[in-house]
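Spelled out from the first residue to the last, the chains are:
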Amino acid sequence: MTRKAALHNLGCKVNAYEMDAMGQLLEQAGYELCPFAPGADVYIINTCTVTDIADRKSRQMLHRAKKMNPQAVVVAAGCYVQTGADRLAADDMVDLVVGNDRKNQIAEILEQYWQQSASCTPVQDMRQVREYTDMTISRTSGHVRANIKVQDGCSQFCSYCVIPYARGRVRSRSPEDVVAEVENLAGLGYQEIVLTGIHLSSYGVDFPDKKPGLLELIRRVHQVENVARIRLGSLEPGIVTEEFARGLSQLPKVCPHFHLSLQSGSDRVLERMNRRYTAEEYRMRCQILRTYFSDPALTTDVMVGFPGETEEEFLESYRFVEEIGFYETHIFQYSRRAGTRAADMDGQIDKHTKHARSEQMIKLHERQAQKYEERHSHLKAELLIEEVQSLKDGTVRLAGHTRKYVKAAAAWQGTDASQWVNKRVQVELDGYWEPHVMRGRLIDFTAQNAGL
């Protein structure tokens, strides 16, 4: 009898990649993948632990899975397993726990369970793991964009962050493996490649002589035929040097969209966070990118309510974010994580204050995002069509993202709109369909063949 497996992912692009890989390993072992709904024999929840909310969502999804089928095997995998193993081992809703270093053994672990009803597998301290855990995919859950994991782990130990304990130290994937996977996916038609990792900027630092680094890896991926776009995951500001930005600007497939993690615009808060740069150094990195790219999309993460953050420090951070003029700002309220230095710091901020500061930052983000998008009105852009949208009023739209990750959609009057999915077209951006979805007027259907 063929067993059915349902997978649900929580968290980052790396987790999404690993979920795709686990699903394909299960298919190779004879499982049938099915929706995350009643009727599965195995439920695998790829958990996240970056905040206490992520922990809670992970537990909720595990309990939801068991309720959908009490006879099914419920598997907790991933980051929350690494930080909450004891709690999960005592949870009667969870049958198996699989650490981050054993996701590539998911089929064997399940087979052992079926044979021996072993309720738990050892969870290794990820800080002791030194080798990159090999995983690969032959397709992704998306249709046009493929996230490629090239690196795992983080050795920064920011004072608020539990991820080094959940993911371990920096471990890089060989460039040969990365290129081989990209070649396969490009051959299957994926046009946009997103290079991602837990601490992408550290790619290659664990190699002998620290070579190749991230820029060289990007150059190698750039050489792969049929790849039209290369997008980068989150970067640390320190990697953005003149050499790095100049090198990227010479690679036309690289999208001018850069996510530089900030966390705070206050030097005193950055020091308490152990972020290893100042606001002025961050500003300089943004200026470098804007020198080599025309109005690039700069996006970032900002944390509010870090222990000891005074009103003055918050306003300093607010004004800095306003000055830089990001396209998107992802705002997080500080979450106290056991085992981190920040958890024991004096001056923990109350929930009301964190919420109020978050709301102020969100309003700033909305204004800045609109300003950036409005600058693109009446400009031509390449749109990679990701989906066909059929609206209630009968309108059919071809929707996707520009190279600068501006979301846009163009009205389609013809038949068989689906033929344009995964095609690149030229549009002129003109106003909005709705907030943060720009209206694109189709002006050229031949971009796919024009090498644009």
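The structure we're discussing is the one just above.
Anyway, here's the lowdown on the structure attached to this text.

Here's the deal with the state of the cysteines
Move 1: According to the stated counting rule, one finds 0 disulfides in the structure shown.
Move 2: Free of any disulfide, Cys 154 has its nearest neighbouring cysteine sulfur in Cys 158, separated by 6.3 Å.
Move 3: Overall, the relative accessible area of 10% leaves Cys 154 in the buried class.
Move 4: Distance from the sulfur of Cys 158, which forms no disulfide, to the nearest cysteine sulfur (Cys 161) is 6.1 Å.

Thoughts on the packing of aromatic side chains
Move 1: This model, assessed by the stated rule, comprises 13 aromatic pairs.
Move 2: Here Tyr 282 and Phe 326 contribute two aromatic rings whose centre-to-centre distance is 6.2 Å and whose plane-to-plane angle is 65 degrees, an arrangement assigned as edge-to-face. A residue pair is termed long-range when its members are at least 10 positions apart, and Tyr 282 in helix α11 (residues 279-292) and Phe 326 in the loop between α12 (311-324) and β12 (328-333) qualify at 44 residues.
Move 3: Relative to Tyr 334, the ring of Phe 306 has its centre 5.5 Å away and its plane inclined at 75 degrees; by these criteria the two rings are edge-to-face. Residue Phe 306 is located in the loop between β11 (297-304) and α12, and its partner Tyr 334 is located in the loop between β12 and α13 (351-374); the two are separated by 28 residues in the primary sequence. With respect to class, Phe 306 is no different from Tyr 334; both count as buried.
Move 4: An aromatic cluster of at least three residues, connected via ring pairs, comprises Tyr 277, Tyr 282, Phe 320 and Phe 326.
Move 5: A cation sits over an aromatic face here: Arg 3 above Trp 114, 3.8 Å from the ring centre.
Move 6: Above the ring of Trp 433, the side-chain terminus of Arg 439 is found at 5.0 Å from the ring centroid.

Here we look at α11
Move 1: Here α11 contains 14 residues, and its C-alpha end-to-end distance of 21 Å stays within 8% of the 20 Å for a straight helix at 1.5 Å per residue.
Move 2: Taken together, the buried positions of α11 are Ala 279, Tyr 282, Arg 283, Arg 285, Cys 286, Ile 288 and Leu 289.
Move 3: Contact partners of the buried residues in α11: α9 (242-249), β10 (257-259), α10 (267-273), β11 and α12.

Notes on the pattern of salt bridges
Move 1: A full pass over the atoms with the stated rule returns 31 salt bridges.
Move 2: Lys 66 is the salt-bridge partner of Asp 95, the closest N and O atoms lying 2.7 Å from each other. Here Asp 95, found in the loop between α4 (85-89) and β5 (96-98), pairs with Lys 66, found in helix α2 (residues 52-68); they are 29 residues apart in sequence, far enough to count as distant.
Move 3: Lys 66 sits in the buried class, given a relative accessible area of 9%.
Move 4: Close ionic contact of Arg 229 with Glu 192 constitutes a salt bridge, the shortest N to O distance being 3.2 Å.

With respect to the nonpolar core
Move 1: Grouped together as the largest cluster of nonpolar side chains are 76 residues, with contacts concentrated most on Ile 44 and Leu 110.
Move 2: When near neighbours in sequence (up to four residues on either side) are disregarded, Leu 110 contacts Leu 26, Tyr 31, Val 42, Ile 44, Val 73, Val 75 and Leu 96.
Move 3: Listed in part, the 21 residues of the second largest apolar core include Ala 65, Ala 72, Leu 88 and Val 97.

How each quantity is defined
All residue numbers refer to positions counted from 1 along the written sequence of the respective chain. Note on the predicted model: pLDDT of at least 70 is required for a residue's local features to be given, and 80 or more for side-chain atom pairs to be given and counted; whole-chain, interface and lining totals, by contrast, use all residues. Excluding hydrogens and water, the side-chain values take into account all heavy atoms of the structure. Any two cysteine sulfur atoms lying within 2.5 Å of each other are counted as a disulfide. Here's how the labels work: a residue is buried when its accessible area is under 20% of the maximum for its type, exposed when over 50%, partly exposed in between, all with a 1.4 Å probe on protein chains only. Aromatic pairs are defined between Phe, Tyr and Trp rings, using the six-membered ring for Trp, whenever the two ring centres lie within 6.5 Å; interplanar angles under 30 degrees are classed as stacked, those over 60 as edge-to-face, and all others as tilted. Helix and strand assignments follow DSSP, with helices taken as H or I runs no shorter than four residues and strands as E runs no shorter than two, numbered in order from the N terminus. The criterion is that NZ of a Lys, or CZ of an Arg, lies within 6 Å of the ring centre and within 35 degrees of the ring normal, and then a charge sits over that ring. Helix span, expected: 1.5 Å multiplied by one less than the number of residues in the helix. For this analysis, residues touch if any pair of their heavy atoms sits within 4.5 Å. Salt bridges are defined as contacts in which a side-chain nitrogen from Lys or Arg sits within 4 Å of a carboxyl oxygen from Asp or Glu. Take the buried Ala, Val, Leu, Ile, Met, Phe, Trp, Tyr and Cys residues and link them wherever side-chain atoms come within 4.5 Å; each set so joined is a nonpolar core.

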